[in-house]
Amino acid sequence: MSMETRTRSLTSGETSTFEAVSAVIVALAAVATVLGFAGLFMVIPATATVAGVQVATLVGGLLAALGLAILAAGVLSAAELIETSPSPTTGLVTGVSYGLLTLVVVGLVTSQTLGLSMLWPVLALVAAVGVAFGTAVAREDLGATVPAGVYLLFSGGLIATGVIAPGFSWQPGGMSGTITGVIAVPLLAVVGGLIAVWVSARAYGGFGARGRQNGAYALIGATVIAILSVLVMVVAFVVWKGFGPMTDGIQWGLYLDFYHYFHVHVPIWDKYVAVNGPKLWFYWPFVMEPYHPLGQAPNGILPAIVGTVWLVLGAVVMAVPLGVGAAVFLTEYAEQGRFTQLVEVSTNGLWSTPSIVYGLFGLAFLVPRFGNQNSILAGQIVLGSMLLPLVLITSRESLKSVPDDYRNASAALGVGRWQTIKSVVVPAAMPGVITGVILGVGRIAGETAPILLVTLGEPLPSSAPEVITGSFAFTGSFPFVTVPTIDLVQSASALPLQLYTVISAGLSENLSFAWGTALVLLLVVLSFYAVGIASRIYFRKKLHQ
């Protein structure tokens with residue numbers, strides 16, 4: 001029987017039926033992965049029900065169905081009932097991947113279920129080597145699909161039949177932790193979904209070079225989507241938990257109030273006419289009130305918000321000019337040699353230093369010099385020291401990325417070196433510099449350890465720090481002007497500290513306050529990001545003018 005006779009092409013137009021079915025399998029595999037992540041974050045827990053069916057059962061059935069579909073794709077391709085172009089062998093990468101998966105599965109089954117305390121490593125290793133070798137030398141359509149299909153049928157069957165259910169509990173030998181079904185089911189869904197995405201994308205491409213490329217793209221894309229999904233779910237979870245407590249008690253309205261008056265002077269009628277008008281009033285207790293220990297009024301986090309803003313502003317003011325200036329000197333003036341290498345190694349090491357070490361340094365060196373008092377100034381210096389290495393590193397890389405043609409063109413016009421740096425090089429590098437500052441601000445705004453050591457006074461302060469008191473005013477005596485007083489040597493709280501204190505100070509029974517604080521911290525960080533992104537867009541537009 002000829003190849004043309006045995007191979008029944010299902011091609012219709014540009015997309016064959018097999019490709020369409022494979023695309024559906026890819027989509028279902030992606031759904032299984034998303035369900036797994038949603039279950040891990042309890043957005044859709046395994047105990048929930050959809051149309052009267054528990055989510056865990058649906059996940060198990062979906063994994064088993066994916067396993068059957070992938071096995072069918074491999075068998076149909078091997079029987080040449082569909083038009084594919086598999087390679088003679090599957091390849092080493094696929095073999096090693098399935099071998100590692102087999103090592104884990106067989107190791108867990110033999111050690112935890114069968115109780116083979118001594119033989120399980122040997123059995124797991126033999127099985128892993130056998131699967132890896134068999135997969136690597138097998139024809140690609142069978143080698144890629146059979147191990148994946150068997151694993152999906154095995155894991156999906158365990159879940160669908162209730163062996164691994166939400167009430168499942170397993171404490172691995174030699175470990176103190178316990179794995180419950182609420183975690184195990186989503187975890188199996190994530191692993192199985194990613195494997196199914198990879199294999200079904202290879203089948204969609206008809207195996208061979210095109211199939212491997214599709215599989216790699218799909219796996220990378222699924223991984224990226226999974227990472228973004230984790231980020232979105234974290235933010236969504238905080239918003240879901242914290243929005244209610246954060247907005248509780250908001251009141252607003254209009255009332256008539258005195259606007260201004262004017263003097264009307266006409267014969268007989270000489271009066272002052274007052275004009276009233278509507279004014280908008282707004283009251284948001286969570287961000288406009290401090291914490292009231294006795295609970296006489298709604299509790300808020302105003303002192304922590306004010307403290308966070310002052311700490312971040314001071315750190316940015318200290319670190320950004322120093323970091324950018326040092327980067328300009330090292331990149332534009334200093335020769336590449338031992339000194340610059342030493343600076344690079346030092347800044348990389350400082351950026352990798354744990355924050356608690358910075359806090360300990362501030363406690364031992366700065367606090368005694370400020371009268372043995374925790375203060376905002378000490379916190380600003382410590383956080384600025386943490387921010388400085390990142391600003392220096394990113395600024396140097398941004399300055400290096402500016403093409404030398406810019407410098408040469410400016411020099412050809414007779415412009416001096418400093419003027420070229422100030423007017424050409426630094427503006428061109430500014431978007432990258434701002435990106436580094438944004439990343440650094442995001443880190444220091446959420447730091448807890450150094451602030452706890454050098455800034456914190458009362459854990460739950462009842463009033464916000466008054467850093468600036470008074471105002472500018474002209475007077476009749478020398479020096480004929482008064483200026484506001486700035487007091488940074490005073491203790492303060494911050495949002496990360498407020499969050500930590502609320503959770504650890506015996507208030508964990510009512511976590512709504514903590515979730516509201518977390519959401520406000522998130523919004524404060526995002527507001528700093530928004531300012532940085534707006535600045536970056538401005539400099540980019542200015543650069544292209």
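Computed from a predicted structure; not experimentally measured. (Residues numbered from 1 in each chain as written. Predicted model: local features only at pLDDT ≥ 70, side-chain atom pairs only at ≥ 80, totals over all residues. Heavy atoms only, no water.)

Student: Which residues make up the packing of aromatic side chains, and what values go with them?
Tutor: Under the criterion given, the structure shown has six aromatic pairs. For the ring pair Phe-237 and Trp-240, a centre distance of 5.6 Å and an interplane angle of 65° mean the geometry is edge-to-face. A residue pair is termed a helical-turn pair when its members lie 3 or 4 positions apart in one helix, as Phe-237 and Trp-240 do in helix H8 (residues 208–247) at three residues. The interplanar angle of 10° and the centroid separation of 5.3 Å between the aromatic rings of Phe-361 and Phe-365 together place this pair among those described as stacked. Of this pair, Phe-361 and Phe-365 both sit in helix H12 (residues 355–366), four residues apart, which is roughly one turn of that helix. Take Phe-361: its relative accessible area is 44%, and that puts it in the partly exposed class. (Phe/Tyr/Trp six-rings, centres within 6.5 Å; stacked < 30°, edge-to-face > 60°. Helix = DSSP H or I, 4+ residues; strand = E, 2+ residues; numbered from the N terminus. Buried < 20%, exposed > 50% of the residue type's maximum accessible area, 1.4 Å probe, protein only.)

Student: Now, about the side chain of Arg-202: what can you tell me, with residues and values included?
Tutor: Looking at the secondary structure, you find Arg-202 in helix H7 (residues 181–204). Judged by its relative accessible area of 2%, Arg-202 is buried. In this structure Arg-202 touches Thr-90, Thr-94, Glu-140, Ala-144, Phe-207, Gly-211, Arg-212 and Gly-215, once residues within four positions along its chain are discounted. (Contact = heavy atoms within 4.5 Å.)

Student: Any chance you could break down unusual backbone geometry for me, citing the residues and the numbers?
Tutor: Its identity is not glycine, yet Glu-80 carries a phi of approximately 60°, on the positive side. For Glu-80, a relative accessible area of 17% gives the class buried. Positive phi outside glycine occurs at Asn-372, with the angle close to 55°. Relative to the elements of secondary structure, Asn-372 occurs in the loop between H12 and helix H13 (376–400).

Student: Describe the nonpolar core, listing the residues and the values that go with them.
Tutor: One broad rule of soluble globular proteins: the nonpolar side chains tend to lie buried together. Of all hydrophobic cores here, the largest spans 62 residues; its most connected members are Phe-286, Ile-301, Leu-383, Leu-495 and Val-520. Looking at this core element by element, the count peaks at twelve residues for helix H15 (residues 417–445). Those residues within four positions of Leu-495 in sequence are excluded, and the remaining contacts are Ile-301, Ala-304, Ile-305, Thr-308, Thr-517, Val-520, Leu-521 and Val-524. Within the second largest apolar cluster, 29 residues are counted, among which are Ile-25, Ile-164, Trp-198 and Ala-222. (Core = buried A, V, L, I, M, F, W, Y, C linked by side-chain atoms within 4.5 Å.)

Student: Report on a nonpolar patch on the surface, specifying residues and quantitative values.
Tutor: A cluster of nonpolar residues, Leu-92, Val-96, Leu-100, Leu-103, Val-104, Leu-108, Leu-125 and Val-129, forms a patch on the protein surface that exposes about 720 Å² of accessible area. Listing elements by their share of the nonpolar patch, those giving two or more residues are helix H4 (92–113) and helix H5 (120–137). The leading source of residues in the nonpolar patch is H4, at six residues. Here Val-96 shows up in helix H4. Relative accessible area serves as the criterion here: at 42%, Val-96 is assigned to the partly exposed category. (Patch = residues over 30% accessible without salt bridge, like charges linked within 9 Å, V, L, I, M, F, W, Y side chains within 5 Å. Areas by Shrake-Rupley, 256 points an atom, 1.4 Å probe, with all protein chains shown as cover. Salt bridge = Lys/Arg side-chain N within 4 Å of Asp/Glu carboxyl O.)

Student: How would you summarise the side chain of Thr-353 if you had to cite specific residues and measurements?
Tutor: Note on placement: Thr-353 falls in the loop between helix H11 (338–352) and H12. A polar contact of 2.8 Å, which involves the side chain of Thr-353, links it to the backbone oxygen of Gly-349. Not counting residues within four places of it along the chain, the set of residues in contact with Thr-353 comprises Tyr-358 and Arg-443. (Polar contact = N/O pair within 3.5 Å; in protein donor to acceptor, adjacent residues only side chain to side chain.)

Student: Kindly report on the environment of Phe-528, identifying the contributing residues and their values.
Tutor: Along the chain, Phe-528 turns up in helix H18 (residues 512–543). Along the chain, Phe-528 and Ala-445 lie 83 residues apart, while their C-alpha atoms are 9.3 Å from each other. Contact partners of Phe-528, with chain neighbours within four places excluded, come to Val-312 and Val-441.

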